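Observations on the three-dimensional arrangement
So the chains spell out like this:
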Amino acid sequence: MRLPPKYRAGSSWGRRALKGKLAASCIFLGLGCFSGSVVAGDAPSFFVTNGMYPNIGMDWDSSFQYDYVHNNSGTDKTGTAAYVDINPVVYLRFSPQAQIWLDIELAPGSQVTAGENEFFKNMGVTINDLNYLYTAEKYWFRIGKYQIPFGQASNVAPGLYTGDVVGDYDFDGYIGGVFAYRINAGELGIFQPTVGTHFVDTTLLSKTYFQGGVRTKESDGGPANTESLESYSLVLDWSAIPSFYNLQMQAGYIFNAKGEGDEKSEDAYTVSAQYFFTPSSNNLLGPQLSGHFFAIVPFVEYVKFDNKDGVAGAKETYLTTSLTANYGQWSLGLTRTEIDASGTGGGGPDDYLNELSVQYTFIDLISLQVGVGNMRTDGDKAKVFGFNIDYARPF
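The following refers to the structure shown. Each chain carries its own residue numbering, running from 1 in the written order of its sequence. In keeping with the model being predicted, local features are shown solely for residues with a pLDDT of at least 70 and side-chain atom pairs are shown and tallied solely at 80 or more, while totals for entire chains, interfaces and linings include all residues. Side-chain measures were taken over the full set of non-hydrogen atoms in the model, leaving aside hydrogen atoms and water.

This brings us to the packing of aromatic side chains. To pair, rings of Phe, Tyr and Trp, with the six-membered ring standing in for Trp, must have centres within 6.5 Å; the planes then decide the type, stacked if under 30 degrees apart, edge-to-face if over 60, and tilted in the middle. Tallied over the full model, the rule gives 21 aromatic pairs. For the ring pair Y360 and F362, a centre distance of 4.7 Å and an interplane angle of 75° mean the geometry is edge-to-face. Partly exposed describes any residue whose relative accessible area lies between the buried limit of under 20% and the exposed limit of over 50%, with all areas from a 1.4 Å probe on protein chains only and scaled to the type maximum. Judged by its relative accessible area of 22%, Y360 falls in the partly exposed class. Note on F362: relative accessible area 37%, which makes it partly exposed. Site record: aromatic cluster; members linked through ring pairs are F150, Y169, F171, Y174, F305 and Y318. The ring of W101 is capped by R142, whose NZ or CZ atom sits 4.3 Å from the centre of that ring. Only when the NZ atom of a Lys or the CZ atom of an Arg is both within 6 Å of the ring centre and within 35 degrees of the ring normal do we say a charge sits over the ring.

If you want it as structure tokens, here you go:
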């Protein structure tokens, strides 16, 4: 019994989770975020610098995680894992608007399997992103290796393992460019359309170092593995509607051209919505300064793949629903993700993950999160438990 792909709770999912917290903070404190929301792939809305350019900055994120999985589908096996995840993001800033963004990560490359114990094994270094980012008042763009801003479950839905389950549409590490423009439509709210073109990274940046990783080649095939800008993405974020100011929505489409050996091009679609229910007292200075703000955040996201992995007629869908309660430094989350992979020849309509998680943040730098849940993957059922200690700060 294996946990789903991308079994690393602190990787790119962790970075987006922090951005999701930033979005919540903006609403709690009445601050204006870029486009009214912070979603996967969004450009930063501000930079912390010494006022002199060029300069170098860094966001440091390091965590320790322990996981336990028990297969209760008849084999009665258990597996445990412990590992660290170190993820510095370095910025070389040329001006308040222009910078080079380098995202490096030290993390394990394997998954925990029932019946196995893995402690600090298979650690490797990957370069997740390397791009040029330019941010203006109403628009931003990236050129290089970047994450396509598609889907929000990995940075909005709570839990240690949700990011792993929805990792199949974590379109990180693609080569190309993406452009976003912010439109203030008054009573209709704020729109941010994002367009991009991309292909799978086949450069030296595609391999995992110090782990025997292999460089991706065009001959490996797979969607968007074309070494040419034949694939594209279209995403629309909608927020800050005056009558529903705390509502944030996203719709998106990705076309991945067929690679070598593929039968068809792959299509991916997403729609999602979240809403922040907050009492009026959150707008008062006292609760903000004392940290006694409160919010309930329901979230739903649907993602559909056609011709999954380039296989003609293969379909796969994800439905993620979650409810998060935030009070001061505490956060309680309930999440369910259902996966229907019946159209791919594997999985079934009742593959799922149910998770309950609790997180406490110490002095805004250190957080402790505990998660427990049950899941089903390709007919195997399992119980999962884990905890994560994270230290994150900007420099």
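Moving on from the model shown.
When a carboxyl oxygen of Asp or Glu is within 4 Å of a side-chain nitrogen of Lys or Arg, the pair counts as a salt bridge. Scanning all chains against the criterion turns up 8 salt bridges. The salt bridge partner of K308 is D168, with a shortest N-O separation of 2.8 Å. One end of the pair, K308, is in the loop between β14 (294-306) and β15 (315-327); the other, D168, is in the loop between α3 (162-165) and β8 (174-181), with 140 residues separating them in the sequence. Using a relative accessible area of 30% as the deciding quantity, one classes D168 as partly exposed. One salt bridge in this structure joins D351 and R376, with 3.9 Å as the shortest N-O distance. Residue D351 is located in strand β17 (residues 351-362), and its partner R376 is located in strand β18 (residues 366-377); the two are separated by 25 residues in the primary sequence. Overall, R376 belongs to the partly exposed group, its relative accessible area being 22%. Salt bridges here are not isolated pairs; linked through shared partners, they connect D168, K308 and D309. We count a stretch as a helix when DSSP gives it H or I for four or more residues in a row; a strand needs E for two or more, and each element gets its number in order from the N terminus.

With that settled, the discussion passes to the pairing of strand β10 (residues 190-200). Two faces belong to every sheet, and in a regular strand the side chains alternate between them. Of all 11 residues in β10, 8 are buried, a share of seventy percent or more. Pairing between strands requires that DSSP locate at least two bridges from one strand to the other. One ladder, built from 7 bridges, connects β8 with β10; its direction is antiparallel. Bridge pairing in β10 places I175 opposite F199. By the bridge criterion, 2 bridges tie strand β9 (residues 183-184) to β10 in an arrangement that is antiparallel. For N184, the partnering residue across the bridge sits in β10 and is I190.

Here we come to the pairing of strand β2 (residues 77-86). By the bridge criterion, 10 bridges tie strand β1 (residues 55-71) to β2 in an arrangement that is antiparallel. Residue pairing across strands places V69 opposite G79, the latter belonging to β2. Bridge count between β2 and strand β5 (residues 117-119): 3 bridges; the pairing is parallel. When the sheet's bridge partners are listed, A81 is paired in β5 with E118.

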